[in-house]
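Spelled out from the first residue to the last, the chains are:
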Amino acid sequence: MNKVPRYFEKVEDSNETQNKDIKPKKEFKKEIVFNIDVKPKPWGRRREDNRIRKEQRNPNKISRKNVKYSPNTKPKLWDHRTRDGGVKKIKYVPNPNPKFPGRVPIPKQKLQRHSRGEGIEKKGIRTGVHRKRFEKKEKNIKLATELAARAEILLAEDTGFLEVDAGESSTQFTQKEIAASVDITSATKYFELHLHEFGPYRAKYTRNGRHLLLGGKMGHVAAFDWMTKKLHCEINVMETVHDICWLHVETMFAVAQKNWVYVYDNEGIELHCLKKLNKVSRMEFLPYHFILATASEVGYLSWLDISIGQIVAQYNTNMGRLSIMAQNPQNAVLCFGHSKGVVTMWAPSSKQPLVKMLCHKSPLTALHIDPRGIYMATAAIDKSIKVWDVRQLGEPLQNYTVRSAAECINFSHTNMLALGMGNIIEVYRDCCTKTAKRAYLRHRLTGFVSNMDFCPFEDVLGVASSRGFTSLLVPGAGEPNFDAREANPFQTKMQRKEAEIKALLEKVPADLISLDPTRIAEVDIPTLQEKVEAKKKLLYLKPPKINFESKRKGKGRGGTVKMAKKKKIVQEQAKKVKK
Amino acid sequence: MKVKVINRNPDDYLRETKRNIHKVPRNFDPSLHPFEAAREYVRALNAVKLERVFAKPFVASLDGHRDGISCMGKHPQMLSFLISGAYDGEIRMWDVPQQMCLKDFVAHNGVVRGITFTNTGNNFITIGDDKLIKTWKTDNSWDEKDDIPIKTIPNKTVLTSITHHYKQSIFATCGEICQLWEDTRNESIKKFKWGVSSLHDVKFNPIETHVLSACCSDSSIILYDIRDVGPVHKVVMKMKTNSVAWNPLEAFVFTAANEDYNLYSFDTRNLRRPINVHMDHVSAVIDLDYSPTGKEFVSGSYDKTIRIFETSKGHSRDVYHTKRMQRLTCIKWSLDNKYILSSSDEMNIRIWKTKASEKLGVLKPRERVALNYSEVLKEKYASHPQIKRIARHRQVPKHVYNAQRELRMMKDKIKRKDANRRAHSKKGQVPFEAERKKSVISVQT
């Protein structure tokens, strides 16, 4: 067996290496770990085959321990960034061609991530010119996808992780222990606010994860930069607070009070009183549409455009009190959980729900959709939790039963699921496509959970309870790399102002909200056909004859002229209908 | 246990000094960029609205002539140089960017019918109603005696149009017959004649330089080969063609401006059926000129409007008009593809941008990138009804608007009648007739 020299190691005798594990020392480079086990061929053949089969089934998860390597196999290049947490593990496979082999191929899964779907079929294009044009277009799209995938190498941060040693389980570590073993700045992200008087609280982070808004049921509202712990404002509105919500920037937030919704600025000054929104129980802000969506205690549902202050749509759901609300961040559709175990999805364009689905056989308690708009988790009073694919509603992907009914449920950007049950918080990972056997983290609060929110771009879960607010460290929960054009935690004032204007300029119209957000970019085939047909009919042929006789000839309504006029009107109308 | 949580060092994300630009870390993961299509659509909508807002095509007008302008000549090399001739026999030389008249003199007794530059651009040749062909020096200095031509050739009959060969020192004139001249000689070297009717426009092909087209008053277009003795082809159309322009990049394509309000693009290899009919004018089309890219052409009409057509499209991309502009007499597309020069009855030459909303002058790189991006967006979402409506909307003068409506009604009526006739007669009795075939009566060789 010929051994190709490796870049980082001196060449050893091939007979020796066959039976030895090659483990370069960790001091070689701090973050690079090489685990390469080479096994003699006849041993464990079946096991090897199984492993390969497993790899083919889900290419995301490749066991890192056994890397089969022989000079005959093609070199594999591995993803440097581990999605599911872990040290940067770079596996070097010897280059079969010591000369320059060309560009590094991009892993399929990366391309998949950046793909905008399949291209156009060339079959239908008749003329050569147009075919060429489309080919060029497709080529450009492909190139853009490739470039975007390649640009992933520039991402600076890695996901967090918590790796346990043998015999340990991740749930055994308390927040204190976790905070003690991370760096100082991260340790400050675990904190607790004891607010006994005005609870239970609700908490929400801004879109860039920098600011936090707290609202106590008894009227206490506070906004602050939770990283630097700088308070923006703290007021008591002297009324019941049902819900709170940041608006498009951190200088404004809405509070659903006893009767109406109020808008405050970040110094606590009341800017507006929205009397159009009455008895609101839950609010969601749709940032790209500048819409404040509210659900009322009496079952009304309204969308208010905050840039112009007008109601876009307002419907009565006829489903009773609405207290479980979530938005799908990818298509801005609102989801409600109802007491009959039904989940409904609403858009301002239709009076009827877009989706009405029986999810549980008992009343729902909580509902959330993950930031990627793929999974929906629902919890019901019968202690069951179901995970659904929102894009393709049918059978649930997962069906869990927990010890007690979850009052709140929340997805993180990396699809970790946090459940709040009484005074216990549990976080699960890999629970959507696979069935999670046990919790990833568990935490016990002093009070009862009332609301939870994963902080965007941070490994932090904010838990609002009846006795205050707790910020928990959940390693691996957040998306490590933000896009400064969308949400920037390090935004300056000028940047915020400019971003606000840009965002207002490209405010998406409310009537584009639908289940499929890409519909606007697709070809409108049926209506085009209809149009052509209608035009043909309208243009070329006489209008159809209609037997028209007036029903009754009242006094003063007669006269041949009038009759003729009426006849004409009816015929015109018939023509229009045919259009 | 090994733990790591996300911890960002602010130094990596904040600029060091206030003089630096802000750091903008990007992550192209599509899940971080929701509503991609919808936001693009809104951007496209904004872009197309801005395009209409900035659509101010009129740049300047050159005034000074004391009578209507009959013809113009653009220099083959100097972009800024323009010569115009008027109905009173006056010729003016212009510096276009300075909007200044360099020189003016009376060249002919009567109307100046045509101006053409020689292939080198050193001289230009004019013809007038006084039956003289005069050659002048392209010189804008005042020192020498200006109104003396280098050469004057008297002709027996009235001349209507003149064109110069693109490579050799040969030019052609037309009137009762088509004649070929050499720059240095006083006698015509060749004469072409087909039938008895007179010719009113003649144009050399810029690529196949020995091919010549002429418009005939018997509503036909004749093609000549100057190496040959007689004419090559003749297309007879239903109505008279006023002017012809050759595509500067596709040697076999020419477009004819017709009296029936339409323009017809012909492929010389198959003259029986024009490759495209360009409609939109509401009165006779007087003149047209191709852009140097060969992708577009501009036409001036008797309806007091200028329209820009794409060669492959049947309808105009843009229409220019002002309240003061009267019947168009001559139109030229500048050789840098940026401006259109139009001359009209009311003694003015007007300068227009070819792209109405284009920003003139130097663009900053960011500006250019933004413009390119919005261009692509506009193209991508062009067929959306809202965007299409805004992009297509043009304010036209009342008389044009009314005439358009009238024409549409007439066309619809004819279509409807045909359809009804077809519906109530035997199959095949009333055949469909292609719009492109309607206007051509016959092709003779």
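Residues numbered from 1 in each chain as written. Chains lettered and ligands numbered in written order. Predicted model: local features only at pLDDT ≥ 70, side-chain atom pairs only at ≥ 80, totals over all residues. Heavy atoms only, no water.

1. With respect to the overall build of chain B
- Looking only at helices and strands, chain B features six helices and 30 strands.
- Along the longest, intermediate and shortest principal axes, the C-alpha atoms of chain B span 105 × 75 × 40 Å.
- Here chain B holds 445 residues, and the buried ones make up 50% of them.
- With the model as given, the accessible surface of chain B reaches about 22,200 Å², and the carbon-plus-sulfur share is 51%.
- Once the 75 positive and 52 negative side-chain charges of chain B are each reduced to a mean point, those two points are 8 Å apart. (Helix = DSSP H or I, 4+ residues; strand = E, 2+ residues; numbered from the N terminus. Buried < 20%, exposed > 50% of the residue type's maximum accessible area, 1.4 Å probe, protein only. Areas by Shrake-Rupley, 256 points an atom, 1.4 Å probe, with all protein chains shown as cover. Lys, Arg positive; Asp, Glu negative; His and termini not counted. Charge placed at Lys NZ, Arg CZ, Asp CG, Glu CD.)

2. Considering the overall build of chain A
- A count of helices and strands for chain A gives nine helices and 29 strands.
- A total of 579 residues make up chain A; the buried ones form 45% of that total.
- Considering only intrachain contacts with a sequence separation of at least 6, the fraction spanning at least 24 residues in chain A is 48%.
- When the accessible surface of chain A is summed, it comes to about 33,200 Å², and 53% of that surface belongs to carbon and sulfur atoms. (Contact = heavy atoms within 4.5 Å.)

3. Focus on the nonpolar core
Residues and elements named next belong to chain A.
- Ranked by internal contacts, the top residues of the largest apolar core, which has 38 residues, are Val427, Leu461 and Val474.
- Those elements giving two or more residues to this core turn out to be helix H5 (175–181), strand S3 (201–205), strand S4 (211–216), strand S25 (424–428), strand S27 (449–454), strand S28 (460–465) and strand S29 (468–473).
- The dominant element in this core, judged by the number of residues it contributes, is S28, at four residues.
- Those residues in contact with valine 474 that sit more than four places away from it in its chain are Met416, Val427, Tyr440, Leu441, Phe454, Asp459 and Leu461.
- Counting 37 residues, the second-largest nonpolar core is a separate cluster that includes Met345, Ala347, Met357 and Ile513. (Core = buried A, V, L, I, M, F, W, Y, C linked by side-chain atoms within 4.5 Å.)

4. Looking at the UniProt feature "domain: Sof1-like protein" (unreviewed entry) in chain B
- The UniProt record marks residues 355–440 of chain B with the feature "domain: Sof1-like protein" (unreviewed entry), using the residue numbering of this structure.
- The span residues 355–440 of chain B carries 63% helix and 1% strand; its end-to-end C-alpha distance comes to 33 Å. (UniProt positions renumbered as here; feature names shortened; annotations may be inferred.)

5. Quick notes on the environment of threonine 435 of chain A
All names here are of chain A.
- Tracing the sequence through the fold places threonine 435 in the loop between S25 and strand S26 (441–444).
- A sequence separation of 38 residues divides threonine 435 from leucine 397, and the C-alpha atoms of the two residues are 9.0 Å apart.
- Those residues in contact with threonine 435 that sit more than four places away from it in its chain are Gln398, Tyr400 and Asp430.
- In this structure the side chain of threonine 435 is engaged in a polar contact, spanning 2.8 Å, whose partner is the side chain of glutamine 398. (Polar contact = N/O pair within 3.5 Å; in protein donor to acceptor, adjacent residues only side chain to side chain.)

6. Considering the UniProt feature "domain: BING4 C-terminal" (unreviewed entry) in chain A
- Per the UniProt annotation, the sites labelled "domain: BING4 C-terminal" (unreviewed entry) are residues 439–517 of chain A.
- Helix makes up 16% of residues 439–517 of chain A and strand 28%, with an end-to-end C-alpha separation of 34 Å.

7. Concerning unusual backbone geometry
- That bond from glycine 199 of chain A to proline 200 of chain A is cis: its omega, -10°, falls within 30 degrees of zero.
- Take proline 200 of chain A: it is sitting in the loop between strand S2 (191–194) and S3.
- Even without a glycine there, the phi angle at alanine 332 of chain A is positive, about 60°.
- The residue alanine 332 of chain A is located in the loop between strand S15 (324–327) and strand S16 (334–337) in this model.
- Look at lysine 304 of chain B: it is not a glycine, yet its phi comes out positive at around 70°.
- Inspection of the secondary structure puts lysine 304 of chain B in the loop between strand S24 (296–301) and strand S25 (306–310).

8. A closer look at helix H4 (residues 128–150) of chain A
- With 23 residues, H4 of chain A should cover 33 Å at 1.5 Å per step; its first-to-last C-alpha distance of 32 Å lies within 8% of that length.
- Within the sequence span of H4 of chain A, burial applies to Thr145, Ala148 and Ala149 of chain A. (Expected span 1.5 Å × (residues − 1).)

9. Let's talk about the interface of chain B and chain A
- Contacts between chain B and chain A engage 41 residues on the former and 68 residues on the latter.
- Where chain B touches chain A, the interface holds eight salt bridges.
- Across the chain B-chain A interface, the total number found is 28 residue pairs in polar contact (both at pLDDT 80 or more).
- The greatest single-element share of the side of chain B that touches chain A, amounting to eight residues, is contributed by helix H2 (residues 36–53) of chain B.
- Across the side of chain B that touches chain A, the residue classes break down as 21 nonpolar, eight polar and 12 charged. (Salt bridge = Lys/Arg side-chain N within 4 Å of Asp/Glu carboxyl O. Nonpolar A, V, L, I, M, F, W, Y, C, P; charged D, E, K, R; others polar.)

10. Some thoughts on the packing of H2 of chain B against helix H3 (residues 365–380) of chain B
All names here are of chain B.
- For the pair H2 and H3, interaxial distance at closest approach is 8 Å and the crossing angle is 105°. Considering their axes alone, H2 and H3 lie roughly perpendicular with respect to each other. Contact with H2, carried on its side by Glu40, Arg43, Ala44, Ala47, Val48 and Glu51, involves Tyr373, Ser374, Leu377, Lys378 and Lys380 of H3 and no other residues of that element.
- Here the contact of H2 with H3 is composed, by residue class, of five nonpolar, one polar and five charged. (Axes fitted to C-alpha atoms, helices over the stretch in contact; angles between N-to-C directions. Parallel < 35°, antiparallel > 145°, perpendicular 65-115°, else oblique.)

11. Overview of the pairing of strand S5 (residues 90–95) of chain B
Residues and elements named next belong to chain B.
- When you tally the buried positions in S5, you get six out of six residues, the bulk of the element.
- Residues Glu90, Arg92 and Trp94 line one face of S5 and the alternating positions Ile91, Met93 and Asp95 line the opposite face, and both faces are buried.
- Looking at chain direction, strand S4 (residues 81–86) and S5 are connected through five bridges and run antiparallel. Its bridge partner being in S5, glycine 85 is matched across the sheet by isoleucine 91. (Pairing = 2+ DSSP bridges.)

12. What about the packing of H2 of chain B against helix H4 (residues 385–392) of chain B?
Residue and element names in this part refer to chain B.
- Running from N to C, H2 and H4 cross one another at 10°; their axes reach a closest spacing of 9 Å. The orientation of H2 with respect to H4, classified from their angle, is roughly parallel. Along its contact with H2, which presents Tyr41, Ala44, Leu45, Val48, Lys49 and Arg52, the element H4 presents Gln386, Ile387, Ile390 and Ala391.

13. Focus on the UniProt feature "repeat: WD" (unreviewed entry) in chain B
Residues and elements named next belong to chain B.
- In this structure's numbering, the residues bearing the UniProt feature "repeat: WD" (unreviewed entry) are residues 62–104, 105–140, 278–319 and 321–362.
- What you have in residues 62–104 is 0% helix and 58% strand, and the ends, taken at the C-alpha atoms, are 13 Å apart.
- Along residues 321–362, the helical share is 0% and the strand share 43%, with 27 Å between the first and last C-alpha atoms.

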